[in-house]
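Working through the structure, step by step
The primary structure of each chain is shown beneath.
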Amino acid sequence: MRVGLVGDGDRFDALVALLGQTNTETVLWNYKRQRKKDLPDGVESVPLKEFRDIPLIFVSVTMDEVRDVARSLGDHTTGRHAVVHLCRNLEHKSLKTVSQVLHEEMPTHRYAFLTGPMLREDVLKGLPASGVCATTYDEIMDYVKEVLVSSSFRLYRNHDIRGAELAAAYCRVIAMAAGVASELHLGMSIQSTLFSRGLAEMGRFVAYRGGLERTTFGLSGCANLFIDSAAPGSPDFQIGAEAMKKNIFDHNAVIKKFGTRGKDMMDLVESLAVVLEEQKSLDLHLLETCHLMVSGKMGPAEALIHLMSLPVLND
Amino acid sequence: MTEAPLFRFNSERPYLVNEVTRRVYNEFLTASRQSEANALEYVLNETAYVEIDRLRTEQGPEEEIRDRGWWKSMARSLTHLSEDQKRDILRDLIESYTDDTAGKFDPQVFKLATGALPLGLSFLFRAQDVGVIPGVNNSFREGIRQLRNLGDRVVVEGHTDTMRKLAEIGTLVVVPTHSSNMDSIVMGWSLEHAGLPPVTYGAGKNLFTNPLTSFFMHNLGAYKVDRRIKHNVYKSILKSYSQVLLERGYHSLFFPGGTRCRSNIVESNLKLGLLGTAVSAYISNLEKGQNRPIFICPATINYNLVLEGESLIREHLRRSGRARYFLPDDEFNQISTIVRFVMNTVRMDSTTIIRYGQPMDVFGNRVEGDGESYDDRGRRIDATDFVRSLSTGDIVHDTQRDREYTRYTGKRIGESFVKNTVLVSSLVVAYALFELIRHRYPKLDVYQLMRLNFDETIPWHELRSTVGELVSEIRRLADLEKVHLAPLVANGSIDEIVDSGISTLTMYHVPAAVEYVPSGVRVNHTNLLYFYGNRVRTFDLDARELVSRALE
């Protein structure tokens, strides 16, 4: 089997390694025109037009790139193609999921979202990992299973692609809050609280935006949050920790240190904040606090005090 | 027009019945061989159980395929029957149901119904009935004259040019909104008026037994759908019949809302069963080497007044559990009400606007007059690629995939319904009046407002001001192509819109939904105002804000 690849980053590297473990033939569209030495080993770079004959394409790009990449792919793909993306974000301002954006830009209707605890470091070492393929199309799930599942990688299915995309994106906000708390060295109790309440909040958000609440408690929500918040933590976790060190959310410093990932995170928080106004009864306290931090209205230390002083809520 | 597939229906009817019988029989036989749970004994027993239960409470005047005694006797004998005997029973049953379902098409009746008598509605009248009907406008002769010109008052607009071209290339599946039993007749007339071929369609069995409509139903290509029958054998027959018709190139019409919309809000929760047969038929034809496309053509039927408005909204408000498909004594079963409706509404400048939306392929992609599909970015795409297997590239049926496609197409149809809704003055005024009443009683919910038996008068200045605010909002939506407006609502002055809306709302219902009084408009029927205003509520306007602004 031959699959097409577009993208870069940690999850992309993990994906390439997993495909390597099943000896799947992979070709890459080098949309960023990276130097050959920067491309993954063993992956052939081909012109985009060759993707016309490759029915399964994996995409792992930043949110800013999704629409343009999809539009280019759309010029060379058909209704037969299936696109599996790994992007844990929502479109800025519109809050559209990545699969919605892909659908708008490409002719095919067949999409999937691959996510879960598949850390680059673990996968490259051949350690066990797992993922969930969220899609409404069983044939995509079957195909993805063929090319990814090995003795060290388990794959789960979920038909709630919308819920999975929303949960995986929301995790990143909770992870940032966990990063703030970690830097204060306040012990595991507060981390556990953030994990648990973060999941509950995520569930409400997912249901409000049209996903299934229970998806939150699967690999796209719970498992991603666990791995994002565990030391050394995801880049989002580290962004929170970095902000806490200076007790101020300095946008320039975040971008300087974390690059596009930092900007991506701040855009995500800004975009999600729309929901705070839209539906106040959702009680998205962690998101609200993160938004206050990112918008500079509250320092990280103050934010934590704010969270601890909230009235008693139902668990 | 003589080339329209429906004109060959009668000669193909035996083939259609045989083919559907063969397919459904094979489907159940194959399933029985694959799993013990699907054994013929269980299938027949389940079918009998459902029918015995139904016939205990529903023994209407309609002729039943088998009576309750037969079902009981068959169920009792099942354990003693051989497999061959069970197969024979199943096959006979399927054949009987299919034969009962399949319609008839009489070209002479079609010519008469669409040519000589606009809308065919004159068939609904018998001279001896009209003279004794209370509530009919006195000027009967004038009414009849206007009735003959009714065609001028029904506006057909939208993508009819595209549809005419597509009818030459492939098979049309017209999917309109549904709010009245008049819809199938009105749609049939509008297609003919727009130079489009006649369609076959599934009509409720009550329409075949209703003396007003049975003549049309039995002769204009309709097939019978008995929504009271719930067993799987019957459901398979209906789907298979629809699929075979589409495979054979018969232009068809489904009401994807399934039943008349009780609330009058533009339907969004669509039933996808029959729509799914379009995908299956398309794939089956491709497998046979016939690339005859199937085009989905959404349409909205926009009435100034709805014949069954009162009972529909009553049912909507009363409904707490499952939908009832059949209103036992609604206005459509009362000749006098229909006559009153027609005679009193023919005086309007336009009675109905039928708007055809952008056609799409069976996967929800936009289709242009060349028959080609286009994606959201305007790229021309090959529709056959959508049914190719991801792994092999072969054209295949894939039940799960095709269900997803149908779900998506249903979503696009729902979007088209909203976008192609045409707001007329009666809807706009009804919305404004109801929201003004709601503003007066902010602590009452909708149901409490309906139950109130009050005498409420809305001053003219409040009504004009609220309609003014509302019209500004919906004109803005129209500019964004999110809705369409009738010419008067799009270009008329507020006074003209108010006058037209009030005049329409006083026309048919007894007592009238509203009436003129010197100080303003007296409201008699809040439920009717709610019903008509619901069409506007589809667009999620902030009514409270709108009324507050108007009354400032």
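Residues numbered from 1 in each chain as written. Chains lettered and ligands numbered in written order. Predicted model: local features only at pLDDT ≥ 70, side-chain atom pairs only at ≥ 80, totals over all residues. Heavy atoms only, no water.

1. Considerations on the packing of helix α7 (residues 188–208) of chain A against helix α11 (residues 285–294) of chain A
When two helices pack together, their arrangement is captured by the angle between the axes and the distance separating the axes. All names here are of chain A. For the pair α7 and α11, interaxial distance at closest approach is 8 Å and the crossing angle is 105°. On the basis of their axis angle, the class for α7 and α11 is roughly perpendicular. Two secondary-structure elements touch here, α7 through Leu194, Arg197, Gly198 and Glu201 and α11 through His285, Leu286 and Leu287. For the contact of α7 with α11, the class distribution of residues is three nonpolar, two polar and two charged. (Axes fitted to C-alpha atoms, helices over the stretch in contact; angles between N-to-C directions. Helix = DSSP H or I, 4+ residues; strand = E, 2+ residues; numbered from the N terminus. Parallel < 35°, antiparallel > 145°, perpendicular 65-115°, else oblique. Contact = heavy atoms within 4.5 Å. Nonpolar A, V, L, I, M, F, W, Y, C, P; charged D, E, K, R; others polar.)

2. Quick notes on the sheet that holds strand β5 (residues 82–85) of chain A
All names here are of chain A. In spatial order, the strands read β3-β2-β1-β4-β5-β6-β7-β8; together these eight strands make up an open sheet with mixed pairing. Since the sheet does not close on itself, it has two edges, and those belong to β3 (44–45) and β8 (153–158), each with one partner. Its contacts with the sheet place helix α8 (residues 219–229) against β6 (110–115), β7 (129–134) and β8, and it is angled at close to 150° to β7. (Pairing = 2+ DSSP bridges.)

3. Here's the deal with the packing of helix α20 (residues 460–479) of chain B against helix α22 (residues 494–505) of chain B
Residue and element names in this part refer to chain B. At their nearest, the axes of α20 and α22 sit 9 Å apart, and the two run at 105° to each other. Here α20 is positioned roughly perpendicular relative to α22, judged by the angle of their axes. Between α20 and α22, the contacting residues are Trp460, Leu463, Arg464, Val467, Gly468, Val471 and Arg475 on the first element and Ile494, Asp495, Ile497, Val498 and Ile502 on the second. A breakdown of the residues in the contact of α20 with α22 according to their chemical character gives eight nonpolar, one polar and three charged.

4. Quick notes on the interface of chain A and chain B
In this complex, chain A contributes 25 residues to the contact, which on the side of chain B involves 22 residues. One can count two salt bridges joining chain A with chain B. One salt bridge connects Asp75 of chain A with Arg379 of chain B, and the closest N-O pair in it is separated by 2.7 Å. Counting the contacts that link chain A with chain B gives 17 residue pairs in polar contact (both at pLDDT 80 or more). Of all elements in the fold, only α2 (63–74), α3 (98–105) and α5 (138–148) of chain A reach the threshold of two or more residues within the side of chain A that touches chain B. For the side of chain A that touches chain B, the element with the highest residue contribution is α5 of chain A, accounting for four residues. Considered class by class, the residues forming the side of chain A that touches chain B number seven nonpolar, nine polar and nine charged. (Salt bridge = Lys/Arg side-chain N within 4 Å of Asp/Glu carboxyl O. Polar contact = N/O pair within 3.5 Å; in protein donor to acceptor, adjacent residues only side chain to side chain.)

5. Points about the side chain of Thr538 of chain B
Residues and elements named next belong to chain B. Inspection of the secondary structure assignment puts Thr538 in the loop between α23 (526–537) and α24 (543–551). A polar contact is formed between the side chain of Thr538 and the backbone oxygen of Arg535, at a distance of 3.0 Å. Excluding residues within four positions of it along the chain, Thr538 makes contact with Ile265, Val266 and Val418.

6. Points about the environment of Lys104 of chain B
Residues and elements named next belong to chain B. Within the fold, Lys104 resides in the loop between α4 (83–101) and α5 (107–116). On the basis of relative accessibility, which here comes to 42%, the residue Lys104 falls in the partly exposed class. Put simply, Lys104 and Leu220 are 116 residues apart on the chain and 6.5 Å apart in space, counted from C-alpha to C-alpha. (Buried < 20%, exposed > 50% of the residue type's maximum accessible area, 1.4 Å probe, protein only.)

7. Let's talk about the domain arrangement of chain B
Residues and elements named next belong to chain B. You can read the domains of chain B as domain 1 (107–199 + 251–419) and domain 2 (422–551). Each side of the interface is counted separately: domain 1 has 31 residues, and domain 2 has 27 residues. The tally of links from domain 1 across to domain 2 stands at zero salt bridges. Remark: the boundary between domain 1 and domain 2 carries 10 residue pairs in polar contact (both at pLDDT 80 or more). Contributing elements (two or more residues each) for the side of domain 1 that touches domain 2: β6 (294–303), α15 (309–318), α16 (335–345), β7 (352–356) and α17 (399–419). Counted by class, the side of domain 1 that touches domain 2 contains 15 nonpolar, nine polar and seven charged residues. (Domains from an automatic or database assignment.)

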